[in-house]
Amino acid sequence: MPRPHCPRCDRPLDHCLCALIPRLPSRTRVLILQHPSEVRHALNTARLAALGLNNAELRVGERFEDLPALLAQPGYRPCLLFPGEAAQPLAQFAAQLDGQPALLVVPDGTWRKARKLLHCNPLLAALPRVTLADGLQSRYRLRKAPMPGALSTLEAIASALETLEAPARFDALLKPFEALIDGQIAAMGEETFRRNHLRD
Ligand SMILES: [Zn+2]
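Note that the coordinates shown come from a computational prediction; the quantities given were computed from them, not determined experimentally.

Rules behind the numbers
All residue numbers here refer to positions counted from 1 along the written sequence of the relevant chain. Note on the predicted model: pLDDT of at least 70 is required for a residue's local features to be given, and 80 or more for side-chain atom pairs to be given and counted; whole-chain, interface and lining totals, by contrast, use all residues. In computing side-chain properties, one takes all heavy atoms of the structure into account and sets aside hydrogens as well as water. Helix and strand definitions here come from DSSP, where helices need a minimum of 4 consecutive H or I residues and strands a minimum of 2 consecutive E residues; each element is numbered from the N-terminal end. Relative accessibility under 20% of the residue-type maximum defines a buried residue, over 50% an exposed one, and the middle range a partly exposed one, all with a 1.4 Å probe and only protein chains included. In this analysis, two residues are considered to be in contact whenever any of their non-hydrogen atoms come within 4.5 Å of each other. Methods summary: accessible areas were calculated by the Shrake-Rupley approach with a probe of 1.4 Å, and residue burial reflects only the protein chains presented. For Na, K and Ca the donor cutoff is 3.2 Å, while for all other metals N, O and S atoms must lie within 2.8 Å; water is not among the atoms, so some sites may look incomplete. Think of it this way: with four donors and all angles in the 85 to 135 degree range, the site is tetrahedral; with four or six donors, opposite ones beyond 155 degrees and the rest between 65 and 115, it is square planar or octahedral; otherwise it is irregular. In this description, a nonpolar core means a group of buried Ala, Val, Leu, Ile, Met, Phe, Trp, Tyr and Cys residues linked to one another through side-chain atoms lying within 4.5 Å. N or O atoms closer than or at 3.5 Å make up a polar contact, with two conditions inside protein: a donor-capable atom paired with an acceptor-capable one, and, for residues adjacent in sequence, both atoms drawn from side chains.

**Things to note about the overall build of the protein chain**
Phase 1: Scanning the protein chain for helices and strands turns up eight helices and six strands.
Phase 2: Secondary structure elements of the protein chain, listed N to C terminal, follow the sequence β-α-β-α-β-β-α-β-α-α-β-α-α-α.
Phase 3: A burial count over the protein chain gives 47% of its 200 residues as buried.
Phase 4: Within the protein chain, residue pairs in contact and separated by at least 24 positions form 74% of the contacts whose partners lie at least 6 positions apart.
Phase 5: Accessible area for the protein chain stands at about 10,400 Å²; split by element, carbon and sulfur atoms hold 54% of it.

**Here we look at the coordination of the zinc ion**
In a perfect tetrahedron of four donors around a metal, the angles come out at 109.5 degrees. In a perfect octahedron of six, they are 90 or 180 degrees.
Phase 1: Taken together, the protein ligands of the zinc ion are Cys6 (SG), Cys9 (SG), Cys16 (SG) and Cys18 (SG), with distances of 2.3 to 2.4 Å.
Phase 2: In this structure, the zinc ion is surrounded by four donor atoms whose angles at the metal cover 102 to 114 degrees, and the resulting shape is tetrahedral.
Phase 3: Judged by relative accessible area, Cys18 falls into the buried class, the value being 18%.

**A closer look at the nonpolar core**
Phase 1: Val30, Leu53 and Ile157 are the most contacted members of the largest nonpolar core, which has 39 residues in total.
Phase 2: Broken down by secondary-structure element, the contributors of at least two residues to this core are β1 (29-34), α1 (45-52), β3 (77-81), α3 (90-95), β5 (102-108), α6 (153-164) and α7 (175-188).
Phase 3: Top element by residues in this core is α6. It accounts for seven residues.
Phase 4: If you look at the next biggest cluster of nonpolar residues, it comprises 15 residues, including Leu67, Leu70, Val105 and Ala114.

**Digging into the environment of Tyr76**
Phase 1: Relative to the helices and strands, Tyr76 is located in the loop between α2 (67-71) and β3.
Phase 2: Along the sequence, Tyr76 and Arg27 sit 49 residues apart, while their C-alpha atoms lie 9.5 Å from each other.
Phase 3: Residue contacts for Tyr76: discarding those within four places in its chain leaves Arg27, Thr28, Arg29, Asn55, Gln100, Pro101, Ala102 and Leu103.
Phase 4: Polar contacts involving the side chain of Tyr76 include one to the side chain of Asn55, which spans 3.0 Å.

Treat this as a map of the structure, not an account of what it does.
Next comes the structure, spelled out in structure tokens:
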């Protein structure tokens, strides 16, 4: 029989993370577009981000028919958190906002799946692209093999919000992630974890 899961955080009930998930306000609105292949991902940190922020929404899909409505949030300036040559540093984008809040659109998935989302949704591909500062390290470092700067979706969102809304801090968002990582490593062993869950 499958173990009962918490309907909110989707963890097994005896590992429910809800007590650690904050409800943080932000001026920035966060729209996370999650590729369906990520839903069953053991770490699903996008879900933790959506639960931990009052002004955030998580949508799952590959082609988002209602994207025009999702992007047309009155008063918000949309941008896509996605690296590449056309991307400008987020701090530079923030400086141009002139008090207007940002709508931060975050594709969630491996690079390949995230590119697929852009391909399937031309409106996304047309958004101004922003990128995080170079050299950010995941808070979680494997003991034997430090991972090369890859951030989880949750860490990327926390970092982006701290850039957009400095000096506000969003590290409380990471609390359930840290507990989850500790539990995951213990449960599956580091080798499996590294193979299955670290992104390039
Ligand atoms: Zn829960």
